[in-house]
Number of protein chains: 2
Amino acid sequence: MQNFDFYNPTQIIFGKDTIGRLAELVPSEARVLVLFGGESARKNGTLAEVLTALGDRHVQEFGGIEPNPTYETLMRAVALVRRDGLDFLLAVGGGSVIDGTKFVAAAVPFAGEPWQILESFGAKVSKALPFGSVLTLPATGSEMNNGAVVTNKALQAKLPFRSPLVFPCFSILDPQKTFTLPESQIANGVVDAFVHVMEQYLTYPAGGLAQDRFAEGLLQTLIEIGPKALATPNDYEVRANLMWVATLALNGLIGAGVPQDWATHMIGHELTAAHGIDHARTLAVILPSLLTHCQQSKRAKLLQYADRVWQLKEGDEQGRIEGAIARTRAFFEQMGIATRLADYGLDQADIAPLISQLEAHGMTALGEHRSVTPEVSRAILEASL
Amino acid sequence: MQNFDFYNPTQIIFGKDTIGRLAELVPSEARVLVLFGGESARKNGTLAEVLTALGDRHVQEFGGIEPNPTYETLMRAVALVRRDGLDFLLAVGGGSVIDGTKFVAAAVPFAGEPWQILESFGAKVSKALPFGSVLTLPATGSEMNNGAVVTNKALQAKLPFRSPLVFPCFSILDPQKTFTLPESQIANGVVDAFVHVMEQYLTYPAGGLAQDRFAEGLLQTLIEIGPKALATPNDYEVRANLMWVATLALNGLIGAGVPQDWATHMIGHELTAAHGIDHARTLAVILPSLLTHCQQSKRAKLLQYADRVWQLKEGDEQGRIEGAIARTRAFFEQMGIATRLADYGLDQADIAPLISQLEAHGMTALGEHRSVTPEVSRAILEASL
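Conventions adopted
- Residues numbered from 1 in each chain as written.
- Chains lettered and ligands numbered in written order.
- Predicted model: local features only at pLDDT ≥ 70, side-chain atom pairs only at ≥ 80, totals over all residues.
- Heavy atoms only, no water.
- Helix = DSSP H or I, 4+ residues; strand = E, 2+ residues; numbered from the N terminus.
- Rg over C-alpha atoms; globule rule 2.2 N^0.38 Å.
- Buried < 20%, exposed > 50% of the residue type's maximum accessible area, 1.4 Å probe, protein only.
- Contact = heavy atoms within 4.5 Å.
- Areas by Shrake-Rupley, 256 points an atom, 1.4 Å probe, with all protein chains shown as cover.
- Lys, Arg positive; Asp, Glu negative; His and termini not counted.
- Charge placed at Lys NZ, Arg CZ, Asp CG, Glu CD.
- Pairing = 2+ DSSP bridges.
- Axes fitted to C-alpha atoms, helices over the stretch in contact; angles between N-to-C directions.
- Phe/Tyr/Trp six-rings, centres within 6.5 Å; stacked < 30°, edge-to-face > 60°.
- UniProt positions renumbered as here; feature names shortened; annotations may be inferred.
- Salt bridge = Lys/Arg side-chain N within 4 Å of Asp/Glu carboxyl O.
- Polar contact = N/O pair within 3.5 Å; in protein donor to acceptor, adjacent residues only side chain to side chain.
- Nonpolar A, V, L, I, M, F, W, Y, C, P; charged D, E, K, R; others polar.
- Least-squares fit on C-alpha atoms with pLDDT ≥ 70 in both.
- Core = buried A, V, L, I, M, F, W, Y, C linked by side-chain atoms within 4.5 Å.
- Expected span 1.5 Å × (residues − 1).
- Parallel < 35°, antiparallel > 145°, perpendicular 65-115°, else oblique.
- Left-handed = near helix turned anticlockwise from the far one by under 90°.

Turning to the overall build of chain A, a few remarks are in order. Scanning chain A for helices and strands turns up 15 helices and nine strands. In terms of overall size, chain A behaves like a compact globule, its C-alpha atoms giving a radius of gyration of 20 Å where 385 residues would be expected to give roughly 21 Å. Classification of the 385 residues of chain A by burial places 62% in the buried group. Counting only contacts in chain A whose residues sit at least 6 apart along the sequence, the fraction spanning at least 24 positions is 78%. Of the accessible surface of chain A, which amounts to about 13300 Å², a share of 52% is contributed by carbon and sulfur atoms. Measuring between centres, the 31 positive side-chain charges of chain A sit 2 Å from its 41 negative side-chain charges.

As a further point, take the sheet that holds strand S6 (residues 131-135) of chain A. One open sheet accounts for seven strands, arranged S4(A)-S3(A)-S5(A)-S6(A)-S9(A)-S2(A)-S1(B); its pairing is mixed. Only two strands of the sheet have a single partner each, and these edge strands are strand S4 (58-62) of chain A together with strand S1 (4-6) of chain B. Taking the axes of each pair of neighbouring strands and ignoring which way they run, one obtains an average angle of 15° across the sheet. This element, helix H3 (residues 46-54) of chain A, spans strand S3 (31-36), S4, strand S5 (88-93) and S6 of chain A of the sheet and lies at about 170° to S3(A).

In this section: the sheet that holds strand S4 (residues 58-62) of chain B. As summarised here, the arrangement of the seven strands in space is S1(A)-S2(B)-S9(B)-S6(B)-S5(B)-S3(B)-S4(B), forming an open sheet in which the pairing is mixed. Each edge of the open sheet is held by one strand with a lone partner, namely strand S1 (4-6) of chain A together with S4 of chain B. Looking at each pair of strands side by side, their axes are set apart by 15° on average, direction ignored. Where strand S2 (residues 11-14) of chain B and strand S9 (residues 170-173) of chain B come together, four bridges link them in parallel fashion. Among the inter-strand pairings, Gln11(B) is bridged to a residue of S9(B), identified as Phe170(B). Strands in contact with helix H3 (residues 46-54) of chain B are strand S3 (31-36), S4, strand S5 (88-93) and strand S6 (131-135) of chain B; relative to S3(B), the strand with the most contacts, it is inclined by about 170°. Packing of helix H5 (residues 95-107) of chain B onto the sheet brings it into contact with S3, S5 and S6 of chain B, and relative to S5(B) it is tilted by some 165°.

What the rule picks out here adds up to 26 aromatic pairs over all chains. Centre to centre, the rings of Phe194(A) and Phe331(A) are 5.3 Å apart; their planes meet at 40°, and the pair counts as tilted. Taken together, the residues span a long stretch of sequence, with Phe194(A) in helix H7 (residues 183-201) and Phe331(A) in helix H13 (residues 317-334) at a distance of 137 residues. Relative accessible area serves as the criterion here: at 0%, Phe194(A) is assigned to the buried category. A relative accessible area of 2% means that Phe331(A) is categorised as buried. Aromatic side chains Tyr201(B) and Tyr305(B) sit 6.3 Å apart centroid to centroid with 65° between the ring planes, which places their arrangement in the edge-to-face category. With a gap of 104 residues between them, Tyr201(B) in helix H7 (residues 183-201) and Tyr305(B) in helix H12 (residues 299-308) connect regions that are remote in the sequence. Summarising the burial analysis for this pair, Tyr201(B) and Tyr305(B) share the class buried.

What UniProt calls "domain: Fe-containing alcohol dehydrogenase-like C-terminal" (unreviewed entry) maps, in this numbering, to residues 187-382 of chain A. Taken as a whole, residues 187-382 of chain A contains 64% helix and 0% strand, while its terminal C-alpha atoms sit 25 Å from one another.

Residue and element names in this part refer to chain B. Relative to the elements of secondary structure, Thr 70 occurs in the loop between S4 and helix H4 (71-84). Relative accessible area serves as the criterion here: at 4%, Thr 70 is assigned to the buried category. Here Thr 70 is in contact with Val 150, Thr 151 and Lys 153, once residues within four sequence places are set aside.

Once that is clear, we can look at the interface of chain B and chain A. With 41 residues of chain B at the interface, the matching set in chain A holds 40 residues. Applying the counting rule to chain B against chain A returns two salt bridges. One salt bridge connects Asp5(B) with Arg21(A), and the closest N-O pair in it is separated by 2.6 Å. At the junction of chain B and chain A, the tally comes to 14 residue pairs in polar contact (both at pLDDT 80 or more). Of all the secondary-structure elements, those providing two or more residues to the side of chain B that touches chain A are S1, S2, helix H8 (209-231) and helix H9 (236-248) of chain B. Tallying contributions element by element places H8(B) first for the side of chain B that touches chain A, with eleven residues. In the side of chain B that touches chain A, the residues fall into 21 nonpolar, 14 polar and six charged.

Here the focus is the relation of the copies chain B and chain A. Under the fitted operation, chain B is carried onto chain A by 0.0 Å of movement along the axis and a turn of 180°, and the coordinates agree to an RMSD of 0.0 Å. Between the two chains, the operation in question is that of a two-fold axis. No C-alpha of chain B lies nearer the rotation axis than that of Pro9(B), which sits 2.0 Å from it.

Residues and elements named next belong to chain A. Take Met 198: it is sitting in helix H7. C-alpha of Met 198 to C-alpha of Leu 287: the two residues are 89 residues apart in sequence and 8.8 Å apart in space. The residues touching Met 198, leaving out its near neighbours within four places in the chain, are Leu 219, Leu 287, Leu 291 and Tyr 305.

Attention shifts here to the nonpolar core. Within the largest apolar cluster, 237 residues are counted, with the highest numbers of intra-cluster contacts made by Tyr305(A), Phe194(B) and Tyr305(B). Excluding its chain neighbours within four sequence positions, the residues that come into contact with Tyr305(B) are Phe194(B), Met198(B), Tyr201(B), Leu202(B), Leu219(B), Trp310(B), Ala324(B) and Thr328(B).

As annotated by UniProt and renumbered to match this structure, "domain: Alcohol dehydrogenase iron-type/glycerol dehydrogenase GldA" (unreviewed entry) occupies residues 9-175 of chain A. Secondary structure within residues 9-175 of chain A divides into 29% helix and 25% strand; the distance between the first and last C-alpha atoms comes to 22 Å.

All names here are of chain B. In this model, helix H13 (residues 317-334) (18 residues) spans 25 Å end to end at C-alpha, consistent with the 26 Å of a helix rising 1.5 Å per residue. For H13, every residue scored as buried is listed here: Arg 320, Ile 321, Gly 323, Ala 324, Ile 325, Thr 328, Arg 329, Phe 331 and Phe 332. On its buried face, H13 sits against H7, H8, helix H11 (279-293) and H12. Positive phi shows up at Gly 336, right after H13, with a value of about 85°.

With that settled, the discussion passes to the side chain of Asp174(A). Residues and elements named next belong to chain A. The residue Asp 174 is located in the loop between strand S9 (170-173) and H7 in this model. In this structure Asp 174 is buried but unpaired, with Lys 177 as the nearest side chain of opposite charge at 5.5 Å. Ignoring sequence-local partners within four residues, the contact set of Asp 174 consists of Gly 15, Lys 16, Asp 17, Thr 18 and Met 243.

Next up on the list: the pairing of S9(A). All names here are of chain A. Along S9, one buried face is formed by Phe 170 and Ile 172 and the opposite face, lined by Ser 171 and Leu 173, is buried too. Judged from the four bridges that link them, S6 and S9 form a sheet pairing that is parallel. When the bridges of S9 are listed, Leu 135 appears paired with Leu 173.

Here we take up the packing of H7(A) against helix H8 (residues 209-231) of chain A. Residue and element names in this part refer to chain A. Contact geometry for H7 and H8: axes closest at 10 Å, N-to-C directions at 165°. When the axes of H7 and H8 are compared, the pair comes out roughly antiparallel. The two elements H7 and H8 cross, and the hand of that crossing is left-handed. Judged by residue contacts, Glu 183, Ile 186, Ala 187, Val 190, Ala 193, Phe 194, Val 197, Met 198 and Tyr 201 of H7 engage Asp 212, Ala 215, Glu 216, Leu 218, Leu 219, Leu 222, Ile 223, Gly 226, Ala 229 and Leu 230 from H8.

Further remarks concern the pairing of strand S2 (residues 11-14) of chain A. Relative to S1(B), S2(A) runs antiparallel, the two sharing three bridges. Counterpart to Phe14(A) in the pairing with S1(B) is Phe4(B).

Structural data, given as structure tokens:
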């Protein structure tokens, strides 16, 4: 096992009818900015519940944070917070709103051009406003980690940052809030969580026995509940498990002390930045091809994955590896997520610009062995056509 | 899944040669009391490493915290901290030293007789000194939770308390520190961690799919590494996994949102208080009898445990349940831990006083259904003879 630090101070409030807990969780003197995405938070009543729980605190609203939140939009929130002297942020939404809120929290007290936060991958963050979240979309894990991804439209760049200062103080997870989500967002959430686990698990054996078992348990659970989450949208138990599993998939726990491979995410980010493809769909396209391409260096873990997650215990090793990758792709397709670039209207001509963008963003040595060069990324993209 | 709160702000520093990190983790102006147990911390050099890392901070020492730390001993530490105006505690040892340090942290600023902290199960704690730990014995999970158990010799009482104010600020886990532990302490640690998991898992199905998978993963890992931890004491990878698994077994994660059954611990505490039997050994005696006695109400989870942890998939249900309980007992025995009261010199005559003590401590409705009455505890103890 590798040496590691683990630290995650976010308080999770999980369960039915828990939004009222905001009354105790947000400081009573706080001047609050509530950040949200589209109008669904208002239409489905969640925003009203939040405002009721906040009582007579000073509260302002900032809606319109888009999927893949943009620097341009978020900087308007930064200006608002600075202008009106607000001191507590509350994200109401999914990963995009929470990611955006993390950026606003770090950008408000930042001296200088806040894009430097992204360019330094968070290293330049030395202060941040406190914030909490009310999660409405299980997927990214942002509600219990210190990472965020922001898109700069002008630069066509989608960059991540991390800082110990941008853990949410608390996150409220009420699975009932997912009942009204469109099917496509649930499908995206299942796939996003699945790939998060895979990127911390499917590398090489590093002796993290519990980490492996936990990762396998999360994958097995997603395989079990994913189709049910689509088939029976109002099944509280299914949605509760999806919500908690998606959180556990990226709260630092299963990745502690083991190698990680975020190449799928980094290549996928370029697909989203250039073509607007949903984040999770880019992952569903890239992961199967990446596993196939890197199967020699991932061989031992692929066999373990085949055995423990897909119960492929018979036949030769190559057959089990191919079977596990095929089942992975089939699971994404079962969730209604297409797994080929062609399904999104892309072809060979689109690959070269993606590789140029990877190079422009310094993504030239990805993967657990830093062996996913631009040439390897190109091969993976070609295998994804 | 049940509603739950999860909050665990302890920073974990895990790995080889990490004690030097104390230099950054303990505030530079702190006036530190280092608490430890017997003289092994001094003899094996750990204490010297700690003192070196603390540099020129004001440091005092308090040794002699016993296994099952006593109120009497800990109150001497409280007096010392108060007298000399110390403001940071550092536990160097295993669960007993860390538990004791939690009590000292809460007792120092406590107005009134600190035994009330135990009598109120922690409800009366409103302040605590900050503290960290350097873990040398994997077992109790105290290094990453907010619970502690203290023994009052005069009252022959062993009582637990919890408070959100007594999470360690940090815990340093260097698996190398376990190399010199006696075999019996490693065996105790494996059994203690195993039973911690069982008490949060082996109740009734509550729809916590990830919690179940995590618990099963920890149990499988303990079964895999327990015998190796005895056979090859200097195997870093084995000790690293034992250390991390024991922490994960009781950091709140696997118990979040699911029913729990701490009857084995509560009955076991009376055995330790009255007869001085090692904590883990009391658990190894009680758990198999408790599972047998309560098998009707635990039936569904016993079958799941038989299937997923012990791979008992054939034969009739009763056979699988009995097989799983027998394997549990055999695993404890394989670790060198005797599982019968007779092995510790106790007989039928010793049972009535234990029941009286359970009643005196209010332990009259234990278990996930609160159905472990004194009569049930008596039957469990009789089945453990």
